[in-house]
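Examining the three-dimensional arrangement
Residues per chain are reported as follows:
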Amino acid sequence: MHIHRTYRAKIRNHSQVERMLDLHGWSASKLWNVANYHSRQVWEDTGEIPDDSDLKRELKGHDNYKGLHSQSSQRVLEELAEAFNSWYGKRKSDSRANPPGYRKKNYYDDQGRRVHEEHPRSTVTWKQKGIRHDTKHNRVRLSKGANHKDHPRDWDYILVEYETRPEVTVENLQQVRAVYSKSKGQWELHLVCKHEVETPDAPGNETVGVDLGICNFAAVAYSTDDADLYPGNRLKQDGYYFPKEIAKCDDSSGSEVTRLHHKWSERRTHFFHSLAKHIVEQCVERNVGRINVGKLAGVREDENGDSKNWGRHGNLDLHGWAFDRFTKILTYKAKVKGIEVVEVSERDTSKTCCVCGREDDSQRVERGLYVCEECDAAFNADVNGAENIRLNLNQSNSESASNLGGDRSTGWLAQPGVYLYDLSHGFSPREQVVDCKP
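Fair warning: this is a prediction, and the values are worked out from it, not measured in the lab. (Residues numbered from 1 in each chain as written. Predicted model: local features only at pLDDT ≥ 70, side-chain atom pairs only at ≥ 80, totals over all residues. Heavy atoms only, no water.)

Let us now look at helix α4 (residues 233-247). Here α4 contains 15 residues, and its C-alpha end-to-end distance of 22 Å stays within 8% of the 21 Å for a straight helix at 1.5 Å per residue. For α4, every residue scored as buried is listed here: R234, L235, K236, D238, G239, F242 and I246. (Helix = DSSP H or I, 4+ residues; strand = E, 2+ residues; numbered from the N terminus. Expected span 1.5 Å × (residues − 1). Buried < 20%, exposed > 50% of the residue type's maximum accessible area, 1.4 Å probe, protein only.)

In this section: the environment of V210. For V210, the position within the fold is in strand β10 (residues 206-212). Assessed through its relative accessible area of 0%, V210 is described here as buried. A sequence separation of 180 residues divides V210 from R390, and the C-alpha atoms of the two residues are 7.2 Å apart. In contact with V210, other than residues within four places in its own chain, are A218, A219, V220, I291, N292, V293, G294 and I389. (Contact = heavy atoms within 4.5 Å.)

As a further point, take the pairing of strand β1 (residues 2-11). Summarising the sheet, β1 and strand β9 (residues 186-196) pair through 9 bridges and their orientation is antiparallel. The partner of K10 across the bridge, within β9, is E188. With 2 bridges joining them, β1 and strand β7 (residues 157-163) adopt antiparallel strand pairing. From the neighbouring strand, I11 faces β7, where its bridge partner is Y162. (Pairing = 2+ DSSP bridges.)

This brings us to the side chain of N13. Within the fold, N13 resides in the loop between β1 and α1 (14-46). Judged by its relative accessible area of 6%, N13 falls in the buried class. Aside from chain neighbours lying at most four places away, what touches N13 is L159, V160 and E161.

Let's shift gears to the confidence of the model for the chain. Summarising the model, the chain shows a mean pLDDT of 80, and 77% of its residues fall at 70 or more. Low pLDDT (under 50) marks residues 298-320, which in the prediction has 40 contacts with non-local residues, meaning those over four places away or in another chain. Taken as a whole, residues 396-411 scores under 50 in pLDDT and shows 27 contacts with residues more than four places along the chain or in a different chain. (pLDDT = per-residue confidence, 0-100.)

Here the focus is the sheet that holds strand β4 (residues 124-126). What the 7 strands build is an open sheet, ordered β4-β8-β9-β1-β7-β6-β5; its pairing is antiparallel. Where the open sheet ends on each side, the last strands, each with one partner, are β4 and β5 (131-134). Adjacent strand axes in the sheet meet at a mean angle of 30° when their direction is disregarded. Pairing of β4 with strand β8 (residues 173-181) involves 3 bridges; the strand directions are antiparallel. Bridge pairing links T125 to R177 in β8. (Axes fitted to C-alpha atoms, helices over the stretch in contact; angles between N-to-C directions.)

The following block contains the structure:
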């Protein structure tokens, strides 16, 4: 099995390569802006968004495209296409959603008139064809863009000497990202390496179900008569706090806005990684070999294909969550432990009783309460959905809920364990978490 790991590295010869990295960082911003303008024009003219292949075909001869190595320019265009696709998904149910912005910083005089505009230093990615790695001396040669050769006989690469933590060995280098740290005022390298690791045997043969949602980001049902809830309170708090702080900034593309967006993204990423790690650890303890995750194809649309309206706060919460991204992180962490992650259909899982199998929309009487008129069971609604995902009700050969037997309307179904997120310690049982403030 192959896994990719990213290591941060300090640049030892920073003063020698800073200028050239600056030029490439500015070129990445300029290319982003050119492609952004082109994408907006296509959208206004046709109502369609060009994908990354369209952008590459249209802009490969542009002067700004030549400011970077060809693969580096391609990565900028891929990132922009991803950003426009994300915006397109959001705008279906949120008319306030804005398309990706331009990368520029404006400076104003005392009368509020713009006197200067500057492109920020964007992250530059080099793929394998643009990298030559000297493992003996901890150096990488990063190919220059054609526009940044001072004269025809100039070196066609940037020679960067790096330093990582003593325990890190940089091998099988796949990508190098030059990232500018505004707080430190200098560049650093992110080295993406491919490692081959032996795939371990699965901890056991048990299966769990994971239901991703709005109030509780994840509900997990185990076959060992246990269930856990992971509220998304922290994500919601950040979803209210950061947009308000960003709205207070005078310059929508300034350094403070960039800092806030970066901090917001880092906190969300940390939440996803902490949650995935905690779920996988619980699965290992319970001898789980397979995780069924609800496929969220229908979360944003109703049965007619129209956008669902979850209410003002519900829509805000939903749009701030990268469900697909979390599933990918969970899949990666589970794979390392030998656990398979399978996406299964969520169809009817929220309105089907996991005890007797009765299907009725009216049984979910409140967001957190599910009551079955057939068998008189009452339990947490999200756990009911997770249990149905575990049973994979939409598979003909799946275990039938009506054949499980026993009264499971109390205990783990009615009172699942609740884990809350803390910035310092990750997820802990609710009674152990004292400070839940943002």
